[in-house]
Amino acid sequence: MGRRKTKHEIDIETYSAEKDVNDLRRQFLEELEGKDWTDLYDPRDVQRLKDDDFYCKRFIRHQHGDMNAAVKMVKNTFKWRKDKNINGLCDITIFLKTISPDVLLIYIFYILMKAFKREINIPRTVYKTEFPQI
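Model, not experiment: these values are computed from the prediction. (Residues numbered from 1 in each chain as written. Predicted model: local features only at pLDDT ≥ 70, side-chain atom pairs only at ≥ 80, totals over all residues. Heavy atoms only, no water.)

Q: Help me out: how do you make sense of the packing of helix α3 (residues 43–51) against helix α4 (residues 53–62) in this one?
A: The packing of two helices is summarised by the inter-axis angle and the distance between the axes. One way to put it is that α3 packs onto α4 with a least axis distance of 6 Å and a crossing angle of 95 degrees. Compared by their axis directions, α3 and α4 come out roughly perpendicular. On α4, the residues touching Arg 48, Leu 49 and Asp 51 of α3 are Asp 53, Tyr 55, Cys 56 and Arg 58. (Axes fitted to C-alpha atoms, helices over the stretch in contact; angles between N-to-C directions. Helix = DSSP H or I, 4+ residues; strand = E, 2+ residues; numbered from the N terminus. Parallel < 35°, antiparallel > 145°, perpendicular 65-115°, else oblique. Contact = heavy atoms within 4.5 Å.)

Here it is, written out as structure tokens:
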């Protein structure tokens, strides 16, 4: 038993038929034929459009069923994603760009110390012990 779908997901699935999804793909891919589109769009985005029906339906629904507007939106979205290198971002990239170098060094030191303590089983709490006098 999977998770329940939200009202928005149900709306998107029922808003456009399989024919609309195929029309969107066909119109977009026809414009790509014979062109070197790798400078304009990321191949991962184009592949997702080919494979993911839900992704296509989101564009169609956002344009209220207007297929020409949906195709234009796909093109603009893919260009923006390529320009901003959205597929190249990951959580650590975003994290590194948002913090200062001082905080970054402290964070790296913290992570390394945590890993070091786990590796050699150092107790996390330091107790004061008295050693016998010799």
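Q: How should I be thinking about the pattern of salt bridges in this particular structure?
A: Working definition: two side chains of opposite charge can pair if their charged atoms are close together. Tallied over the entire structure, the rule returns eight salt bridges. For Arg 44, the salt bridge identified is with Asp 42, shortest N-O distance 3.0 Å. Residue classification places Asp 42 among the buried positions, given a relative accessible area of 9%. A salt bridge links Arg 81 to Asp 45, with the shortest nitrogen-to-oxygen separation between them at 3.0 Å. Of this pair, Arg 81 sits in helix α5 (residues 67–83) while Asp 45 is found in helix α3, placing the two residues 36 residues apart along the sequence. Residue Arg 81 is classed as buried on the basis of its relative accessible area, which comes to 17%. Given the relative accessible area of 2%, Asp 45 is considered buried. What you see here is one network of salt bridges that share partners, running through Lys 19, Asp 23, Arg 26 and Glu 30. (Salt bridge = Lys/Arg side-chain N within 4 Å of Asp/Glu carboxyl O. Buried < 20%, exposed > 50% of the residue type's maximum accessible area, 1.4 Å probe, protein only.)

Q: What is the right way to look at a nonpolar patch on the surface in this model?
A: A cluster of nonpolar side chains, contributed by Tyr 107, Ile 108, Tyr 110, Ile 111 and Leu 112, occupies part of the molecular surface with about 480 Å² of accessible area. Relative to the elements of secondary structure, Leu 112 occurs in helix α7 (residues 101–120). (Patch = residues over 30% accessible without salt bridge, like charges linked within 9 Å, V, L, I, M, F, W, Y side chains within 5 Å. Areas by Shrake-Rupley, 256 points an atom, 1.4 Å probe, with all protein chains shown as cover.)

Q: Explain unusual backbone geometry to me, please; I cannot follow it from the model alone.
A: A negative phi angle is the norm for most residues apart from glycine, just as the trans form is the norm for most peptide bonds. Backbone geometry at His 64 places phi at a positive 55 degrees, although glycine is not the residue there. What makes His 64 exposed here is its relative accessible area of 65%. For Asn 85, which is not glycine, the phi torsion reads 55 degrees and is therefore positive. Mapping Asn 85 onto the fold places it in the loop between α5 and α6 (91–98). Residue Asn 85 is classed as partly exposed on the basis of its relative accessible area, which comes to 43%.

Q: Explain the nonpolar core to me, please; I cannot follow it from the model alone.
A: As a rule of thumb, soluble globular proteins bury nonpolar side chains together. The biggest cluster of nonpolar side chains holds 16 residues, and the ones touching the most others in it are Leu 24, Phe 28, Leu 49, Val 74 and Phe 78. For this core, the secondary-structure elements that each account for two or more residues are α2 (18–32), α3, α4 and α5. It is α5 that contributes the most residues to this core, five residues altogether. Dropping the residues within four chain positions of it, Leu 49 is found in contact with Leu 24, Arg 25, Phe 28, Tyr 55, Cys 56, Val 74 and Phe 78. (Core = buried A, V, L, I, M, F, W, Y, C linked by side-chain atoms within 4.5 Å.)

Q: Explanation requested: the environment of Lys 57 in the structure shown.
A: Within the secondary structure, Lys 57 is located in helix α4. A C-alpha to C-alpha distance of 8.4 Å links Lys 57 and Ala 17, two positions 40 residues apart in sequence.

Q: What is the right way to look at α3 in this model?
A: It helps to recall that an α-helix has 3.6 residues per turn; residues three or four apart then point in one direction. Residues of α3 that are buried include every one of Asp 45, Val 46 and Leu 49, and no others. The buried residues of α3 occupy an angular sector of 100 degrees when projected down its axis, which confines them to one face. In α3, the exposed residues that point more than 90 degrees away from the buried face are Arg 44 and Asp 51. Turning to α3, the residues buried within the fold contact α2, α4 and α5. Measuring from the side-chain oxygen of the N-cap residue of α3 to the backbone nitrogen of Arg 44 gives 2.8 Å; that N-cap residue is Asp 42. (Arc of directions from axis to C-beta. Polar contact = N/O pair within 3.5 Å; in protein donor to acceptor, adjacent residues only side chain to side chain.)

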